[in-house]
Amino acid sequence: MATHHWLQLSLTSGIGPILGRRLIDAAGSAEAATQLTRRELQQIEGIGLAKAQSVADSLKSAEADAILQLNKANQLGAQLICPDDESWPSLLRPLPASPLILFILGNLQPRDLQSLAIVGSRRCTHYGREQSERFAALLAGAGFTVISGGARGVDSAAHRGAMQHPHGRTIAVLGSGLDVPYPPENKPLFDQIATRGALVTEFPFGTPPNAENFPRRNRIVSGLARGVLVIEADERSGALITARLANEEHGRPVFALPGRVDNPMAAGSHLLIRDGATLVTKLEDIVSALDPLPDGVHQPELFPTETHTETNEEKPHPTPPTNLSDRQQLILSQMGPDPSAVDEIIDKTNLPAPAVLQELTFLTLRGLLKRAEGQTFVKV
């Protein structure tokens, strides 16, 4: 089982994500990498004689540890996935420091490819908490999975906001083992997240929330998302680490919400805006600035509808879109086969311009509309 061997490598002392992949490349597979001898390890770049012996010894003990971890996962109803699995998040694949293993409570879905990370201060103000929740709810309504770190403050508000939408999904990336919820008061929130998305970590069961785990955790928050929105952060906030990773190492866009100029909790956000992050005041600011999905990666279905079982060779008749609001249905009903301009849609529906723009964004993300030339839209 490939997962077992990737897990064994991840549990081996002295092997991190980058070295682990170097061993796999040299050996040809994760299984072969776990069987490398001291002499073979010594031939690999970056491993000297002393480290080769240490890694060889640790590989043997890690095999028993891997069995214990798999047994614990079975007890808790968790799953482990590795990069060899089809379910491995495609946005993580190209990252040089992508984890070797992920422990998951809940489930990952194809639609999680359409995701945005929301990060910010643990000691956020009422404004920061309010805006984190609001933007998470807007993103969930537009079909995005909201990713954050499960921490106090902005993170917790983002998870709660995403779950306000009936179809909203959210993923919490933890800096501890799945069986060591941190902060402990968020245990009820984590239980809810596991039913509406997933709890994800690279740390094995029993790992405490050590301070050094969280900067490492941040690269997964960024790596799983198509972009990062910083809600409120001071100049020393860990949210800035996530933003830097997103921009410099992962090539993902960074967004920041402005705050009061005299609020030190907004100083980090303002620095990001000064240095080129997209200033955000509404959902459209995010959607319009997102890069296209990577080549070969297809747009997932955002709100999966009921599946049909075919009893003969005839395909089922198309069913009308489901899970649409009254405003969304109204907009679709007023659109014909020819491109419709935004102003024209506003006149026909008699809806406020901001509402029309928001709903057009949602309908486009869901694949019910597509942009034509200029500010015009066509039914798909």
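Further up the page is the structure itself.
Along each chain, residues carry numbers from 1 onward, in the same order as the chain's sequence is written. Side-chain atom pairs in this predicted model are given and counted only at pLDDT of 80 or more, local residue features only at pLDDT of at least 70, and totals for whole chains, interfaces and linings cover all residues. Side-chain calculation: all heavy atoms of the structure are included, whereas hydrogens and water are not.

**Points about empty space enclosed by the protein**
Thought 1: With a 1 Å grid spanning the protein atoms alone, the term cavity applies to any set of points in which a 1.4 Å probe fits but cannot get out, the term pocket to an open set with protein on both sides within 12 Å along at least five of seven lines, and the term lining residue to any residue with an atom within 4 Å of a point. Grid points are joined across faces, edges and corners, and a volume is the space filled by probe spheres set on the points. Counted by the stated rule, this structure contains one cavity of 30 Å³ or more.
Thought 2: Approximately 40 Å³ is the volume found for the largest cavity.
Thought 3: If you go around the largest cavity, the residues you meet are Arg-122, Gly-149, Gly-150, Ala-151, Arg-152, Tyr-182, Pro-183, Phe-214 and Arg-217.
Thought 4: Along the lines of polarity and charge, the residues of the lining of the largest cavity split into four nonpolar, two polar and three charged. Only Asp, Glu, Lys and Arg are considered charged in this grouping, and only Ala, Val, Leu, Ile, Met, Phe, Trp, Tyr, Cys and Pro are considered nonpolar; every other residue, Gly among them, is considered polar.

**Section: helix 9 (residues 213-223)**
Thought 1: Judged by how many residues are buried, helix 9 sits mostly within the fold: nine of 11 residues are covered.
Thought 2: Listed as buried for helix 9 are Asn-213, Phe-214, Arg-217, Asn-218, Arg-219, Ile-220, Val-221, Ser-222 and Gly-223. Only protein chains enter the accessibility calculation, which uses a 1.4 Å probe; a residue is then buried when its area is under 20% of its type maximum, exposed when over 50%, and partly exposed in between. Runs of H or I in DSSP of at least four residues are treated as helices and runs of E of at least two as strands, each being numbered from the N terminus.

**A short note on the sheet that holds strand 9 (residues 278-279)**
Strand-to-strand pairing in sheets goes through backbone hydrogen bonds, with the strands running parallel or antiparallel.
Thought 1: Should DSSP find at least two bridges between two strands, the strands are taken to pair. Read from one edge to the other, the open sheet built from nine strands follows the order 1-2-6-5-4-3-7-8-9, with strand pairing classed as mixed. Because the sheet does not close on itself, it has two edges, and the strands there are strand 1 (79-81) and strand 9.
Thought 2: Relative to strand 5 (residues 169-173), strand 4 (residues 145-148) is paired through four bridges, and the arrangement is parallel. Paired with Ile-147 across the two strands is Ile-171, which belongs to strand 5.
Thought 3: Strands strand 2 (102-106), strand 3 (115-119), strand 4, strand 5 and strand 7 (228-230) of the sheet are contacted by helix 9, whose axis makes an angle of about 155° with strand 5. For this analysis, residues touch if any pair of their heavy atoms sits within 4.5 Å. Orientation is described by lines fitted to C-alpha atoms, with helices fitted over the stretch in contact, and by angles between N-to-C directions that extend from 0 to 180 degrees.

**Here's the deal with the sheet that holds strand 10 (residues 340-341)**
Thought 1: If you walk across this open sheet you meet the three strands as 10-12-11, and the pairing is antiparallel. Every other strand in the sheet has two partners, leaving strand 10 and strand 11 (369-371) as the edge strands with one partner each.
Thought 2: With two bridges connecting them, strand 10 and strand 12 (residues 376-379) associate as antiparallel partners. By the bridge assignment, Ala-341 is partnered in strand 12 with Thr-376.

Read these as layout, nothing more, since geometry by itself doesn't imply function.
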